[in-house]
Amino acid sequence: MTPDDHRLNTASTTLAAAYDFAPTQSDYADLLRSMPQMRMLKALAWVMLALLAVAVLMGFFLVTDDGQPALDAPTLLPLIMVAALAALVAFGYAPFGGRATWRKPANREPVHTVLDNEGFWHEGPSGSQFITWSAATRALETNEAYYVYVSNGLASLVYWLPKRAVPLGDQVAVRTHIQAHVPRYQIR
């Protein structure tokens, strides 16, 4: 068992519980942060920022034959614009994307979630979705929510349940139930 794998070595647990919640702006921002595609995009943005920083520093430290810096203003301006875009992706996409998603009136409507032995029901503004536990590839628990991932080709669909919707006394049962049904369970 790896340190991040918190799977229990117990038999399947039974649970049939329904939870209702109204999504908040921070729920959508947390959801975007938990998506594997966004995590890869953020890592790529950090790599881009590091490479641009090295390029700019090399441009100032490397000099031409006449003693002038190798980078001049016309060359530096596009690099700064690319760096600003990479910084926006690295630092701002989740909060801004969460706000943009939450601003749509349909995304503020209540969500009804049911966990049982068959799977995970998620009924909300985008319709009703049901995933069987066998389709779930992994699960993640953060301080804010439970996330269940379903592989969808290159991307992953994420079904979520904010912890604020689950009474404190039920949180251990929800964790145990998801751990019993999903192959990879991580707590972050």
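Counting of residues starts from 1 at the beginning of each chain's written sequence and follows it residue by residue. Local features in this predicted model are restricted to residues of pLDDT 70 or higher, and side-chain atom pairs are both shown and tallied only at a pLDDT of 80 or more, whereas totals for entire chains, interfaces and linings draw on every residue. Excluded from the side-chain calculation are hydrogens and water; included are all heavy atoms of the structure.

## So, the overall build of the protein chain
A run of H or I in DSSP becomes a helix once it reaches four residues, and a run of E becomes a strand once it reaches two; helices and strands are each numbered from the N terminus. The helix and strand inventory of the protein chain stands at four helices and eight strands. Each helix (α) and strand (β) of the protein chain, taken in turn from the N terminus, gives the series β-α-α-α-β-β-β-β-β-β-α-β. Structurally, the protein chain occupies a C-alpha span of about 75 × 45 × 30 Å along its principal axes. Across the 188 residues in the protein chain, those meeting the buried criterion constitute 35%. By the convention used here, residues are in contact when the closest approach between their heavy atoms is within 4.5 Å. A sequence separation of at least 24 residues applies to 61% of the contacts in the protein chain between residues at least 6 apart. Where accessible areas are quoted, they stem from the Shrake-Rupley method and a 1.4 Å probe; at the residue level, only the protein chains shown are allowed to cover. As presented, the protein chain carries roughly 11,000 Å² of accessible surface, and 64% of it is formed by carbon and sulfur atoms. Only four residue types enter the charge count: Lys and Arg as positive, Asp and Glu as negative, with His and the chain ends excluded. Note that the charge is assigned to NZ on lysines, CZ on arginines, CG on aspartates and CD on glutamates. Across the protein chain, the mean location of the 14 positive side-chain charges is 3 Å away from that of the 15 negative side-chain charges. Working definition: with a 1.4 Å probe on protein chains only, accessible area under 20% of the residue-type maximum means buried, over 50% means exposed, and in between means partly exposed.

## Remarks on the packing of aromatic side chains
Each aromatic ring pair is described using two quantities: the centre-to-centre distance and the angle formed by the ring planes. Here is the rule: rings of Phe, Tyr and Trp (six-membered ring for Trp) pair when centre to centre is within 6.5 Å. Planes less than 30 degrees apart are stacked, more than 60 are edge-to-face, and the remainder are tilted. Under the definition given, this model contains four aromatic pairs. When the centroid spacing of 5.2 Å and the interplanar angle of 55 degrees are considered together, the rings of Phe-21 and Trp-160 count as tilted. Of the two residues, Phe-21 sits in strand β1 (residues 17–21) while Trp-160 sits in strand β7 (residues 155–162), which places them 139 residues apart along the sequence. Comparing Phe-21 with Trp-160, the two get one shared label, buried. Joined through ring pairs, the aromatic side chains of Phe-120, Trp-133 and Tyr-159 make up one cluster. A cation over an aromatic ring shows up here: Arg-138 above the ring of Tyr-149, its NZ or CZ 4.0 Å from the ring centre. Any Lys NZ or Arg CZ found within 6 Å of a ring centre and within 35 degrees of that ring's normal is scored as a charge over the ring. Above the ring of Tyr-146, the side-chain terminus of Lys-163 is found at 5.4 Å from the ring centroid.

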